Amino acid sequence: MLCCVCKQKEATVHLTQIDGEKMQKVDLCEDCAKEKGVNDPSSFSLADMLVGLGVSQETEESSGGAELRCPQCGFTQADFKKAGRLGCAQCYETFYEGLEALLKSMHKGTRHKGKTPVSQRGSQGLRERISGLQKKLDRAVADEDFEQAAQLRDELKAARTKLTEMAP
Amino acid sequence: MNICDFLMSPAETARRIGPAQGIVLSSRVRLARNLRATAFPGWAKKPERIRAYELIRPTVEALPEMAACYSESMDNLPALDKQILVERHLVSREHAAKGAGSGLVLAKDERLCVMINEEDHLRIQVLLPGLQIRQAWSEIDGVDSRLEKKLDYAFSPKLGYLTACPTNLGTGIRVSAMLHLPGLVLAEQINPIIQAVNKLGLAVRGLYGEGTEALGNVFQVSNQMTLGEAEAEIVERLSKVVGQLIEHEENARQMLLEKKPKMVLNQIGRAYGIVANAHSISSKETLNLLSFMKLGSDLGMFPDLDRCLADELFIVTQPAHIQKEAAGKLDAEQRDVARADLLRDRLRAIKRPTVPPPRSGSALDKQAEA
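Residues numbered from 1 in each chain as written. Chains lettered and ligands numbered in written order. Predicted model: local features only at pLDDT ≥ 70, side-chain atom pairs only at ≥ 80, totals over all residues. Heavy atoms only, no water.

**Thoughts on the overall build of chain B**
Counting its secondary structure elements, chain B contains 14 helices and 10 strands. Relative to the globule expectation of 21 Å for 370 residues, the C-alpha radius of gyration of chain B, 21 Å, shows essentially globular dimensions. Seen along its three principal axes, the alpha-carbon backbone of chain B occupies a region of about 65 × 45 × 30 Å. The contacts of chain B with a sequence gap of at least 6 include a subset with a gap of at least 24, amounting to 73%. Put simply, chain B shows about 14,800 Å² of open surface, and 52% of that area lies on carbon and sulfur atoms. (Helix = DSSP H or I, 4+ residues; strand = E, 2+ residues; numbered from the N terminus. Rg over C-alpha atoms; globule rule 2.2 N^0.38 Å. Contact = heavy atoms within 4.5 Å. Areas by Shrake-Rupley, 256 points an atom, 1.4 Å probe, with all protein chains shown as cover.)

In structure tokens:
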């Protein structure tokens, strides 16, 4: 299991915090645990870290960038920290990185399995195919397998055209 | 329109009976849905919220299920009417606190109710009497499919229906059953059972949902996880657990009658004594005592108490209903007196509880959900 903060090192510190009815779990590597002050439990709050999107917020601050803001509705991470709710549908894309750990802790999975609106049904499979092809293409290019890359590029182009045709 | 002219009378509501009604008071499924291009209600500015309301409202009213409906903006509803709707479990307490830009559309038969701009743009709910979880899901699924043709829902293939709170993400579904479990409470088995149910990823809450007390031995069991599992799986899991809870409750009642009959009779007899004779009684005490009256009726100890009457009293003794009946605002003390007057009057003809014969045929409805 990888550390949920740096996502690089093996997690060796496993924490469970119960806050009222909610239970939250977090897995950290030793360095990140030290950085978050896990050795000093009084100063550490999982809620702040996860619910407040602390993970990506810290990354953001350390990289000197401005606070992440949803381009559609202007919602920020600080707003999420305060309200525990998101601003609009687009926010899920904007803040996805910080949300993923939270979703993992509260749901059975992180992928929707269930009803899909009819209007989305046809294109869904295609969209998944496109993102899969794109990943393969990136890998082929990185491996300098240009023959494979050319073939993937053509497939990708065909799939994209098909998707555009399906859109109303 | 006065909300009470539209709503079924409490007596009619109590007479709506479903499968396993002795233990399962009601089954509910709600779906959270949002519009793609509009900020969620909690974040949208007022004009944007009103625009969304005005777009959604006619679409919902046009549903065939809403052919005869009550549709009103929350700012046009008097506080007492909102409270009545909460006491009937038709709107949430959160929604009752809303004003302009939020509203509700309620079908005449009260099976379908849509809250507009609660936490999400749409909170669609189907509420049925007794154990009818699968039926509720199939009805709401149809309603939702009709709405999606007209409304551009916020949906992502990966994350499903996008909701204001990440806890509802994915299917946006909350399936719940309201259970009356006095046997498990008296047998002191309720806590381990709640813990076991929690372990299955289901929540157990009180009478009015999140953060409320289990008054009157009424517990609401619902799913917590909405992402990574299909609706049908959630519905099945909950149905199964509710089926087991019914069995446990029946066993607990049987066991109590065999092993601790005096304790049970004492509870029921005292409940009758107070409820039928008090001159001032709080709603909390009333719910708790009526629960034992209902248990007594289920066990056949009140031959002349129609079980529907106990259910009706559950509704009409709540604060807003008492005030509606008195046609005016009453303070807590006046309500307690009015409530006691009402109970004495309605229970006037009910005779003292009889001791059930050994191995009594309980009036329990053992019929399982079809």
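**Observations regarding the nonpolar core**
Core analysis: the biggest nonpolar cluster contains 93 residues, and B:Val60, B:Leu112, B:Leu122, B:Ile124, B:Leu147, B:Val242 and B:Leu347 have the highest contact counts within it. The leading source of residues in this core is helix α9 (residues 231–259) of chain B, at 10 residues. Two domains each put at least three residues into this core: domain 1 (19–252) and domain 2 (261–347) of chain B. When neighbours within four sequence positions are excluded, B:Val242 is seen to be in contact with B:Val24, B:Leu131, B:Ile133, B:Ala177 and B:Leu179. A:Ala89, B:Ala44, B:Leu159 and B:Leu227 belong to the second largest nonpolar core, which has 23 residues in total. (Core = buried A, V, L, I, M, F, W, Y, C linked by side-chain atoms within 4.5 Å. Buried < 20%, exposed > 50% of the residue type's maximum accessible area, 1.4 Å probe, protein only. Domains from an automatic or database assignment.)

**Brief notes about the interface of chain A and chain B**
Listed as interface residues are 33 residues of chain A and, on the opposing side, 36 residues of chain B. Interface area for chain A against chain B, summed over the two sides, is near 3,100 Å², with a carbon-plus-sulfur share of 59%. Taken as a group, A:Tyr92, A:His112 and A:Lys115 account for 24% of the area that chain A buries against chain B, more than any other trio of residues on that side. For the pair chain A and chain B, the number of links is 4 salt bridges. Of the charged contacts, one joins B:Glu119 and A:Arg85 as a salt bridge, the two residues approaching to 2.9 Å between their closest N and O atoms. (Buried area = accessible area lost by both parts, 1.4 Å probe. Salt bridge = Lys/Arg side-chain N within 4 Å of Asp/Glu carboxyl O.)

**Looking at the domain arrangement of chain B**
All names here are of chain B. Annotation of chain B at the domain level lists domain 1 (19–252) and domain 2 (261–347). One C-alpha centre belongs to domain 1, the other to domain 2; they are set 28 Å apart. With 19 residues of domain 1 in contact, the opposing surface of domain 2 contributes 19 residues. Considering only the surface of domain 1 that becomes buried against domain 2, Leu-80, Glu-87 and Leu-186 emerge as the three largest contributors, covering 33% of it. Salt-bridge contacts for Lys-324 lead to Asp-81; the nearest nitrogen and oxygen are separated by 2.6 Å. The interface formed by domain 1 and domain 2 contains 8 residue pairs in polar contact (both at pLDDT 80 or more). Listing elements by their share of the side of domain 1 that touches domain 2, those giving two or more residues are α4 (79–87) and α7 (182–186). Broken down by element, the side of domain 1 that touches domain 2 gets its largest block of residues, 5 residues, from α4. The class makeup of the residues in the side of domain 1 that touches domain 2 is 9 nonpolar, 6 polar and 4 charged. (Polar contact = N/O pair within 3.5 Å; in protein donor to acceptor, adjacent residues only side chain to side chain. Nonpolar A, V, L, I, M, F, W, Y, C, P; charged D, E, K, R; others polar.)

**What to know about helix α13 (residues 319–326) of chain B**
Helical geometry: 3.6 residues make up each α-helical turn, so side chains three or four residues apart lie on a common side. Along α13(B), the positions that sit buried rather than exposed are B:Ala320, B:His321, B:Ile322 and B:Gln323. Those residues of α13(B) that are buried are in contact with α2 (10–15), α4, α12 (307–316) and α14 (332–346) of chain B.

**Regarding the state of the cysteines**
Residues and elements named next belong to chain B. The tally for this structure, following the rule as stated, stands at 0 disulfides over all chains. Cysteine Cys-308 is unpaired, with the sulfur of Cys-4 as its nearest cysteine sulfur at 20 Å. Accessibility expressed as a relative area gives 13% for Cys-308, which makes it buried. (Disulfide = S-S within 2.5 Å.)

**Observations concerning the packing of aromatic side chains**
Scanning the entire structure with this criterion turns up 6 aromatic pairs over all chains. Here A:Phe75 and A:Phe95 contribute two aromatic rings whose centre-to-centre distance is 6.3 Å and whose plane-to-plane angle is 70°, an arrangement assigned as edge-to-face. With A:Phe75 in the loop between α3 (54–62) and α4 (77–83) and A:Phe95 in the loop between α5 (91–94) and α6 (96–106), the pair connects residues that are 20 residues apart, well separated along the chain. Residue classification places A:Phe75 among the buried positions, given a relative accessible area of 2%. The exposure class of A:Phe95 is buried, given its relative accessible area of 2%. Ring geometry for B:Tyr272 and B:Phe302: centres 5.9 Å apart, planes at 35°, overall tilted. Highlighted residues: B:Tyr272 in helix α10 (residues 261–277) and B:Phe302 in the loop between α11 (283–298) and α12, separated in sequence by 30 residues. Residue classification places B:Tyr272 among the buried residues on the basis of a relative accessible area of 12%. Three or more aromatic residues joined by ring pairs form one cluster here, namely A:Phe75, A:Phe95 and B:Trp43. For the cation-ring pair, B:Arg33 lies above B:Tyr161, with the distance from its terminal atom to the ring centre recorded as 3.4 Å. (Phe/Tyr/Trp six-rings, centres within 6.5 Å; stacked < 30°, edge-to-face > 60°. Lys NZ or Arg CZ within 6 Å of the ring centre and 35° of its normal.)

**Considering a positive patch on the surface**
A cluster of basic residues, A:Lys135, A:Lys136, A:Arg139 and B:Lys158, forms a positive patch on the protein surface. Examined against the element boundaries, B:Lys158 turns out to sit in the loop between β6 (155–156) and β7 (160–161). Owing to a relative accessible area of 31%, B:Lys158 belongs among the partly exposed residues under this scheme. (Patch = residues over 30% accessible without salt bridge, like charges linked within 9 Å, V, L, I, M, F, W, Y side chains within 5 Å. Lys, Arg positive; Asp, Glu negative; His and termini not counted. Charge placed at Lys NZ, Arg CZ, Asp CG, Glu CD.)

**Remarks on the pairing of strand β9 (residues 202–205) of chain B**
Residue and element names in this part refer to chain B. Burial along β9 is two-sided: Leu-202 and Val-204 and Ala-203 and Arg-205, pointing in opposite directions, are all buried. Both β9 and strand β10 (residues 218–223) contribute to a ladder of 4 bridges, which runs antiparallel. Paired with Val-204 across the strands is Val-221, a residue of β10. (Pairing = 2+ DSSP bridges.)

**Looking at the packing of α13(B) against α14(B)**
Helices that pack against each other are described as a pair by the angle of their axes relative to one another and the distance between those axes. Residue and element names in this part refer to chain B. As a packed pair, α13 and α14 sit with axes 10 Å apart at the nearest point and diverge in direction by 80°. Regarding the angle of α13 to α14, the classification is roughly perpendicular. Listed contacts from α14 to Pro-319, Ile-322 and Gln-323 of α13 are Arg-335, Ala-338, Arg-339 and Leu-342. Looking at the contact of α13 with α14, its residues break down into 4 nonpolar, 1 polar and 2 charged. (Axes fitted to C-alpha atoms, helices over the stretch in contact; angles between N-to-C directions. Parallel < 35°, antiparallel > 145°, perpendicular 65-115°, else oblique.)

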